[in-house]
Amino acid sequence: MIKLVVFDLDNVIIDGEAIDEIGKLANVEDDIAEITEKAMQGEIDFETSIKDRVQLLEGTSIEEIEKVADELPLMPGACDTIARLKEEDVDVAIISGSFDVVAEKVKEKLGVDTIYTNSFTVEDGKLTGEVTGPLVSGSKLDVLKDHVEEAGISLEEVVAVGDGANDISMIESAGCGIAFNAKDSVKEIADVVVDEKDLTKVLDEILNQLTTEDTENDAVENEEAETEEVEEVEADANAEEVEEVEEAEVAEEEAEEAKEEETEAEKPKNDLPKSEFVLADTMEGVRKQKDEKEAEIAQIADEREEFNKIAKEQRKIRDELNASLKENLNKAIEFRNERNEINKAVEAAKKARNDANNQIKSLEWSSGKRDKVKIENEIKKIDKIIETRVLDIKKENQLVKNANDLRKQLMEIQEDESVKEEAQELRKLSEEEHEKVITLSEQAQAAHEEMLTYFRKTDDIRTAADEAHKKFIEARNNASAKHEEFKAVLSDIHVINKKLGSGKPRKRKSDKKSSSGANKNREEKERAEEIFEKFKQGGKLSTEELLLLQKYNIN
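Definitions and limits used
- Residues numbered from 1 in each chain as written.
- Predicted model: local features only at pLDDT ≥ 70, side-chain atom pairs only at ≥ 80, totals over all residues.
- Heavy atoms only, no water.
- Axes fitted to C-alpha atoms, helices over the stretch in contact; angles between N-to-C directions.
- Helix = DSSP H or I, 4+ residues; strand = E, 2+ residues; numbered from the N terminus.
- Parallel < 35°, antiparallel > 145°, perpendicular 65-115°, else oblique.
- Left-handed = near helix turned anticlockwise from the far one by under 90°.
- Contact = heavy atoms within 4.5 Å.
- Nonpolar A, V, L, I, M, F, W, Y, C, P; charged D, E, K, R; others polar.
- Phe/Tyr/Trp six-rings, centres within 6.5 Å; stacked < 30°, edge-to-face > 60°.
- Buried < 20%, exposed > 50% of the residue type's maximum accessible area, 1.4 Å probe, protein only.
- Lys NZ or Arg CZ within 6 Å of the ring centre and 35° of its normal.
- Pairing = 2+ DSSP bridges.
- Right-handed = clockwise from strand over helix to strand, strands pointing away.
- Arc of directions from axis to C-beta.

Enquirer: Please explain the packing of helix H4 (residues 62-71) against helix H6 (residues 100-110) as it appears in this structure.
Expert: Geometrically, a packed helix pair is captured by the angle between its two axes and the distance between the axes. As a packed pair, H4 and H6 sit with axes 9 Å apart at the nearest point and diverge in direction by 40°. Judged on the interaxial angle alone, H6 and H4 are oblique. Of the two elements, H4 crosses H6, and the hand of that crossing is right-handed. In contact with Ile65, Glu66, Ala69 and Asp70 of H4, H6 contributes Val101, Val102, Lys105 and Lys109. Residues of the contact of H4 with H6, tallied by class, amount to 4 nonpolar, no polar and 4 charged.

See below:
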């Protein structure tokens, strides 16, 4: 049962190598990247590589590093993967030779349960060039062992995901090791290889295992129960054969059966409930009870299988809907990002248009426009006074003279031709940018509408997926309830078989009859071997065929 998934951080949870990005702050990214690659390939040990790389960062501002850490992109599918694992009640941890300043940001964004990383040594807000932490000299496996011991689980219940040489120890020791876009040395030892930069591909592998575990758990429980039943049936068959052999053979088989019973007593039994079944008074009545119970358990097994089938179908529907949900959500996000990018272009066009308009005004005023406007306004005021007021001739003549003088000044003002041309170009630019604003705004609105359409689709799909999940849980619970019924009836059958097995008379038969039984056994054994070959090729076995395999201990 998967109880914990542990991830590396760099190039697994985040899309990049954190220390390489941090190295850009100190202009040593090439030197750091070279050491990183050697460490990933296993050419140098991790302790040497981490110390050498951190040494190159001496003097770098921790505040600047925190900014870089906050901007590091998550691996595609990281959010969906962690969220789904939490839904499945699987714990998530990060074990990385990277740094807590990065991992803490990721932990907060994704809701990861636990992180194990190294730390920069900082003095006065600057890196000293030294590094501390459990993963400087210790291996990831050492950290993982301590974690699982504290959590009370085993390494077999862990899935480990990584990409570099320092991940090999935990990938190799975990119940399932997954190489994610990994180096060849990691792929060679991994149980699963994912060569696509999408963590949901890792999620698919884990969910497949969880699904398989659910199915296998049911199958194991069913198989264990059916195996015990088979052993009882086999005991009955052996008892019948004993009746057909000589007394010496009877004694030998009784001794063998006694030995088998002792061995069986030492084996762990399936967790069957205690039976309160009341046996009939006669052997005939007990045999009738057995027939009834076998018919009942067959019916229960069919009903349980039907519920398991429904659960499987609903799980498939749910998973397909969730995949569609993810696809539609990604589309919605694509249109949202497109809208935001277009809106940025709209703002840029508005700014360019407004800048052009402001420059036009500045040019006009600087080229005599202000003086012209002022004189024109003065002339208008004088003309209005002359037209609307009753004035004596002397005052009127003076106003006319003033207006004429102003008109002469107006005629003497000449605008700079180069300024006029520049203003004309600016007007053209302003109009072009305004057209861009209109066109881009329409495009942004269209992208916004598409985004809303896909978001509405995701709501509908999520509702359908939730309904399928509800039906899956209901069917699985029904199957579990039927399995409990199966175990209860099987306990009753054990009581009946014990009674029938202990009450069988043992008689001596003729040699002829014994020979006939031996021939029958040989034929059955040969058939059982043929059935086993079919099973190995993936063929489905009936209950009768399974009983035959168990009878001759073929596995």
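Enquirer: Looking at this structure, I do not really get the packing of aromatic side chains. What am I missing?
Expert: Remark: the centre distance and the inter-plane angle together describe each pair of aromatic rings, the angle taken between the planes. Tallied over the entire structure, the rule returns 2 aromatic pairs. Aromatic side chains Phe99 and Phe120 sit 4.0 Å apart centroid to centroid with 20° between the ring planes, which places their arrangement in the stacked category. With a gap of 21 residues between them, Phe99 in strand E2 (residues 91-99) and Phe120 in strand E3 (residues 114-123) connect regions that are remote in the sequence. Phe120 carries the same exposure label as Phe99, and that label is buried. With 5.7 Å between their ring centres and 15° between their planes, Phe335 and Tyr454 make a pair best called stacked. Placement of Phe335 in helix H12 (residues 283-388) and of Tyr454 in helix H14 (residues 417-502) is noted, with a sequence separation of 119 residues between them. The aromatic ring of Phe486 is capped on one face by Arg304, whose charged end is 4.4 Å from the ring centroid. Cation over ring: Arg318 sits above Phe472, and NZ or CZ is 5.0 Å from the ring centre.

Enquirer: How should I be thinking about the pairing of E3 in this particular structure?
Expert: Each regular strand displays side chains that alternate between the two surfaces of the sheet. Here 4 bridges tie E2 to E3, and the two strands are oriented parallel to one another. Pairing of Ile94 across the sheet is with Ile115, part of E3. Handedness of the β-α-β unit built from E2, H6 and E3 comes out right-handed. In the sheet, E3 pairs with strand E4 (residues 126-132) via 4 bridges, with the strands oriented antiparallel. Within the sheet, the bridge partner assigned to Val122 lies in E4 and is Leu127. The hairpin turn running from E3 into E4, its antiparallel successor, is 2 residues long, and Asp124 in that turn takes a positive phi close to 55°.

Enquirer: Hey, could you run me through the packing of helix H2 (residues 29-40) against helix H3 (residues 46-55) in this one?
Expert: Interaxial distance between H2 and H3 falls to 10 Å at its minimum, and their mutual angle equals 170°. Relative to H3, the element H2 is oriented roughly antiparallel. On H3, the residues touching Ile32, Ile35, Thr36 and Ala39 of H2 are Ser49, Asp52 and Arg53. Tallied by class, residues from the contact of H2 with H3 come to 3 nonpolar, 2 polar and 2 charged.

Enquirer: I'm lost on the sheet that holds E2 in this one. Help?
Expert: One key point about sheets: their strands pair by backbone hydrogen bonds, in either a parallel or an antiparallel sense. With mixed pairing, 7 strands are arranged side by side in an open sheet as E4-E3-E2-E1-E5-E6-E7. Of all the strands in the sheet, the pair left with one neighbour each is E4 and strand E7 (192-194). Between one strand axis and the next, the sheet turns through 25° on average, direction left out of account.

Enquirer: Looking at this structure, I do not really get H3. What am I missing?
Expert: Within H3, burial applies to Phe46, Ser49, Ile50, Arg53 and Val54. Down the axis of H3, the buried set is contained in an arc of 120°. They therefore lie on one face. Buried-residue contacts for H3 involve helix H1 (18-23), H2, E2, E3 and E4.

Enquirer: Got a minute to help me understand unusual backbone geometry in this structure?
Expert: With glycine set apart, most residues show a phi of negative sign, and most peptide bonds adopt trans. One non-glycine residue, Asn11, adopts positive backbone phi at about 65°. Relative to the assigned elements, Asn11 resides in the loop between strand E1 (4-7) and H1. Residue Asn11 is classed as partly exposed on the basis of its relative accessible area of 25%. The backbone of Asp89 shows a phi angle near 60°, a positive value even though the residue is not glycine.

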